[in-house]
Amino acid sequence: MDSSKASPLFDWDGTIVQAPSQSIESFEEQTQMTQQFRYIIDAYLLAPLHTIKGMNGPPGCGKTFNLMYMALCAIAKGLCAVSTALLAEQAIVLRGIHIHKLFCFPSQKLIPQVLAERAVIRILKNLVLRTLFQRLNVLCLDKAGQNLAQFLGAWDMILRKIRGSNQFLGGV
């Protein structure tokens, strides 16, 4: 897929197809979610302000599908999107990278500020990761669970530093 902000994939309309075993109610709800994602991405393109969209629900209700749909919408519009997860198995399923590897977190348990400081040093030494974080527009995090609050402060500090922005999560 070759797209950029200047040359997005205009021929992809983002239409989803109802799965054979999917109920009408489920399909309608999923269609509403995908429309919301397209709206969020289009709004971001007009005025790049960060938006946090959260989903919850029981297993098998389509959270991961919707998350990957949002990443695909962002990529089709020429944005830089990365998928990640706190669970290693889920990161593999998403064809993404484990959140700890992405953010260069050390293996020790540290307070968020120290975690962020050490991660920033590692990211700044890695040209690929530094460039990725500077260009990143959409971060798709799956299976965040209860550990989210613990890492959110560190992610915020890292992204602000790497992107040179005072916005929450560096404007991602």
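Scroll up to find the structure this text is about.
Okay, so let's go over this structure. Throughout this description, residue numbers start from 1 for each chain and increase along the sequence as written. Two thresholds apply to this predicted model, a pLDDT of at least 70 for residue-level local features and 80 or more for giving and counting side-chain atom pairs, whereas whole-chain, interface and lining totals are computed over all residues. The side-chain figures draw on all heavy atoms in the structure; neither hydrogens nor water molecules are used.

A separate point is the packing of helix α6 (residues 127-135) against helix α7 (residues 148-163). What describes two packed helices is the angle between their axes and the distance between those same axes. Axis definition: a line fitted to C-alpha atoms, limited for helices to the stretch in contact. Angles are taken between N-to-C directions and run from 0 to 180 degrees. Here a helix means four or more residues in a row that DSSP labels H or I, a strand means two or more in a row labelled E, and each is numbered from the N terminus. Taken N-terminus to C-terminus, the directions of α6 and α7 make an angle of 95°; their axes are 9 Å apart at the nearest point. One way to sum up the angle between α6 and α7 is to call them roughly perpendicular. When α6 is examined against α7, the residues Arg130, Phe133, Gln134 and Arg135 are found in contact with a partner set consisting of Leu159, Ile162 and Arg163. Its residues assigned to classes, the contact of α6 with α7 shows three nonpolar, one polar and three charged. Note that the term roughly parallel is reserved for angles under 35 degrees, roughly antiparallel for angles over 145, roughly perpendicular for angles of 65 to 115, and oblique for everything else. Residues are treated as being in contact if the distance between any of their heavy atoms lies within 4.5 Å. Only Asp, Glu, Lys and Arg are considered charged, only Ala, Val, Leu, Ile, Met, Phe, Trp, Tyr, Cys and Pro nonpolar, and every remaining residue, Gly among them, polar.

Moving on to the layout of surface pockets. The volume enclosed by the second largest pocket comes to roughly 210 Å³. What lines the second largest pocket is a set of eleven residues, among which Glu29, Met33, Cys61, Gly62 and Asn66 lie closest to the centre. Taken together, the elements giving at least two residues each to the lining of the second largest pocket come down to α1 (24-46) and α2 (63-76). Partitioning the lining of the second largest pocket into residue classes produces three nonpolar, six polar and two charged. The pocket and cavity definitions rest on a 1 Å grid over protein atoms only: a 1.4 Å probe that fits but cannot leave marks a cavity, an open set with protein on both sides within 12 Å along at least five of seven lines marks a pocket, and residues lining either have an atom within 4 Å of a point. Grid points are joined across faces, edges and corners, and a volume is the space filled by probe spheres set on the points.

Take the sheet that holds strand β2 (residues 97-98) next. Read across the sheet, three strands follow the order β2-β1-β3 without closing on themselves; strand pairing throughout is parallel. Strand pairing shows two members of the sheet lacking a second neighbour, β2 and β3 (138-142), which therefore form its edges. Two strands make a pair as long as DSSP finds a minimum of two bridges between them. In terms of strand pairing, strand β1 (residues 81-85) meets β3 through five bridges, oriented parallel. Counted as the bridge partner of Val82 is Leu139 from β3.

One side-chain nitrogen of Lys or Arg within 4 Å of one carboxyl oxygen of Asp or Glu is enough to make a salt bridge. Tallied over the entire structure, the rule returns two salt bridges. Between Asp42 and Lys77 there is a salt bridge, with its nearest N and O atoms 3.1 Å apart. Placement of Asp42 in helix α1 and of Lys77 in the loop between α2 and β1 is noted, with a sequence separation of 35 residues between them. Note on Asp42: relative accessible area 32%, which makes it partly exposed. Each residue gets one of three labels from its accessible area relative to the maximum for its type: buried under 20%, exposed over 50%, partly exposed in between, using a 1.4 Å probe on protein chains only. Relative accessible area serves as the criterion here: at 31%, Lys77 is assigned to the partly exposed category.

On to α7, then. With 16 residues, α7 extends 21 Å between its outermost C-alpha atoms, agreeing within 8% with the 22 Å of an ideal straight helix rising 1.5 Å per residue. Taken residue by residue, α7 has Phe151, Ala154, Trp155, Asp156, Ile158, Leu159 and Ile162 as its buried positions. Against the buried residues of α7 lie α4 (99-102), α5 (112-125), α6 and β3. Between the first and last residue of a helix there are one fewer steps than residues, each counted as 1.5 Å, and that sum is the expected span.

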